[in-house]
Amino acid sequence: MANGKPRVLATRLFPPDVEARLSANFDAVLNPQDRIYDGPALVKAAAGCDAIMCAAGDGLNGETIAALPASIRMIATFSVGYEHIDVAAAAKRGIAVANTPDVLTDATADIAMLCLLGAARRAHEGATMLRTHHWIGWSPTQLMGTHVTGKRLGILGMGRIGQAMADRARAFRMQIHYSNRSKLAPDLEKGAIFHADPDDMLPHCDFLSINAPMTPQTRKWVNAERIARLPKGAIVVNTARGGVVDDDALIAALKSGHLASAGLDVFDGEPKLHQGYYDLTNAFLLPHMGSATVETRNAMGFKALDNLEAFLLRKQAPPDLVKV
Ligand code: 8YV
């Protein structure tokens, strides 16, 4: 606390407009070099702070949370996913946790569609051919990919982003299948076909899009057995969390040709992705940029600040409190 303002540690370098509001309303401890803190460094940096504004990739596991200074009352993450925070450990210490849902739905669904199209239409191979001066001209058989329009898309996790993906896919006249904890109301389902058991959905997926959060239940959910249930030539798209996919199994299926291709924006252990992906021409890979638009990253930051301001300045419950 300085000048009566609560002190907030920003674990990362956030967009300029977000840091400006953070600094105006709080005693902000910024990270202008965008250093990545490991657990002990984060605990050290949090000394004397009332709250932490963090991001995906920050290791706020049980051990780190247990070691945080007693002054920490809140963790506000600049992300919708919060698997990097041990919420139960935070609750045990009376630390509130908040995230940033809704505002990154469209940007992430756009990247999911980009991954789907990029994988289906061999965008990586085409762009590489051109940029390495190997394009000798159009030919009738060059870079023939997978047709998208009218195909079946299975969506694992029909939350906000899954539904936004379905909306985009409908413009491509795709038939939507989905699996979710609960069946959606007809106005949200919009004719999509519900599969109570996600395993039953797999044989119906020309494309499978992962839009489910990372939980102990979804960890390595896309494994060899499930990939085998997908039709030959299917395409896997992942814009959720890399850990939902068993990389060895996906890479083997991309090599064997059982899967035509994959479009991936997220990776288990990122930024160190499985080396096998680098050798695959049929993998369209992006560096976790689902929410990376100026508008969306500002909106995420402002939402994290809404949560911090409600809790620390107005003594109210943060609007996006994560429930244990
Ligand atoms: C963010 C995300 O950019 O919000 C999420 O959960 O995956 C991303 O789109 C990133 O996590 C920032 O913390």
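All figures in this text were calculated on a predicted structure; none of them were measured in a lab.

## Let's talk about the side chain of S79
Checked against the element boundaries, S79 lands in the loop between β4 (74-77) and α4 (87-92). Look at S79 and you get buried, because its relative accessible area is 5%. From its side chain, S79 meets the backbone oxygen of G81 in a polar contact 2.7 Å long.

## Regarding the packing of helix α1 (residues 16-25) against helix α12 (residues 294-313)
Running from amino to carboxyl end, α1 crosses α12 at an angle of 15°, the nearest separation of the two axes being 9 Å. Viewed along their axes, α1 and α12 adopt a mutual orientation that is roughly parallel. Viewed along their axes, α1 and α12 form a crossing whose handedness is right-handed. Residues D17, V18, R21, L22 and N25 of α1 pack against R297, N298, G301, F302, L305, D306, L308, E309 and L313 of α12. Of the residues assigned to the contact of α1 with α12, the class counts are 6 nonpolar, 3 polar and 5 charged.

## Focus: the side chain of T77
Positionally, T77 belongs in strand β4. When its relative accessible area of 0% is taken as the criterion, T77 is described as buried. Excluding residues within four positions of it along the chain, T77 makes contact with C54, A55, A56, Y82, H84, I85, A98, N99, T100 and A304.

## Some thoughts on the sheet that holds strand β12 (residues 283-285)
Taken in spatial order, the 7 strands of this open sheet run β8-β7-β6-β9-β10-β11-β12, and their pairing is parallel. Of all the strands in the sheet, just β8 (193-194) and β12 have a single pairing partner and so form its edges. Taken together, the 4 bridges between strand β9 (residues 207-210) and strand β10 (residues 234-238) define a ladder with parallel strand orientation. Note that in β10 the partner of L208 across the bridge is V236. Each of β6 (152-156), β7 (175-179) and β9 touches helix α7 (residues 160-170); the most contacted strand, β6, lies at about 170° to it.

## A look at α1
Turning to α1, its buried residues are V18, E19 and L22. Buried residues of α1, seen end-on, are gathered within an arc of 95° and therefore sit on one face of the element. Lining the buried residues of α1 we find β1 (7-10), β2 (27-29), β3 (51-54) and α12.

## A few points about the site of the ligand
Near the ligand you find A55, A56, F78, S79, V80, G81, L104, R241, H288, S291, R297 and M300, and these make up its full shell. The backbone of F78 places a nitrogen or oxygen atom 2.7 Å from an oxygen atom of the ligand. The backbone of V80 places a nitrogen or oxygen atom 2.8 Å from an oxygen atom of the ligand. Isolated, the ligand exposes 330 Å² of accessible area, and the fraction of that covered by the protein chains is 90%. In the shell around the ligand, the residues fall into 6 nonpolar, 4 polar and 2 charged.

## Focus: helix α5 (residues 105-120)
Helix length check: α5 (16 residues) gives 22 Å between terminal C-alpha atoms against 22 Å at 1.5 Å per residue, within 8%. Within α5, 12 of the 16 residues are buried, which leaves it mostly tucked inside the rest of the structure. Taken as a whole, α5 has its buried residues at T105, A107, T108, A109, I111, A112, M113, C115, L116, G118, A119 and A120. Where α5 terminates, the next one or two residues include R122, which has phi positive at roughly 55°.

The rules behind the values
- Every chain's residues receive numbers from 1 upward, in the order its sequence appears when written.
- Only residues with pLDDT of at least 70 get local features here, since the model is predicted, and only at 80 or more are side-chain atom pairs given and counted; chain-wide, interface and lining totals rely on the full set of residues.
- Hydrogen atoms and water are omitted, and side-chain values are computed over all heavy atoms in the structure.
- Runs of E in the DSSP output that reach at least two residues are strands. Runs of H or I that reach at least four are helices, and both are numbered from the N terminus.
- For every residue, the accessible area obtained with a 1.4 Å probe (protein chains only) is divided by the maximum for its type, and the residue is called buried under 20%, exposed over 50%, and partly exposed between those limits.
- Polar contact is the term for a pair of N or O atoms within 3.5 Å; when the atoms are in protein, one must be able to donate a hydrogen and the other to accept it, and sequence-neighboring residues count only if both atoms are side-chain atoms.
- Whenever a helix is involved, its axis is fitted only over the stretch in contact; in every case the axis is a line through C-alpha atoms, and angles between N-to-C directions fall within 0 to 180 degrees.
- Note that the term roughly parallel is reserved for angles under 35 degrees, roughly antiparallel for angles over 145, roughly perpendicular for angles of 65 to 115, and oblique for everything else.
- Throughout, a crossing is termed right-handed when the near helix is turned clockwise from the far one, and left-handed when it is turned anticlockwise from it by less than a right angle.
- Between two residues, a contact is recorded if the distance between any of their heavy atoms is within 4.5 Å.
- Charged means Asp, Glu, Lys or Arg here, nonpolar means Ala, Val, Leu, Ile, Met, Phe, Trp, Tyr, Cys or Pro, and polar covers whatever is left, Gly included.
- Note on pairing: two strands pair once DSSP finds at least 2 bridges between them.
- For this quantity, the arc is that covered by the directions from the helix axis to the C-beta atoms.
- The nearness test applies per residue and asks whether one of its heavy atoms lies within 4 Å of the molecule or strand.
- Here the Shrake-Rupley method, with its probe set to 1.4 Å, supplies the accessible areas, and only the displayed protein chains count as covering residues.
- Given the number of residues in a helix, its expected span is that number minus one, multiplied by 1.5 Å.

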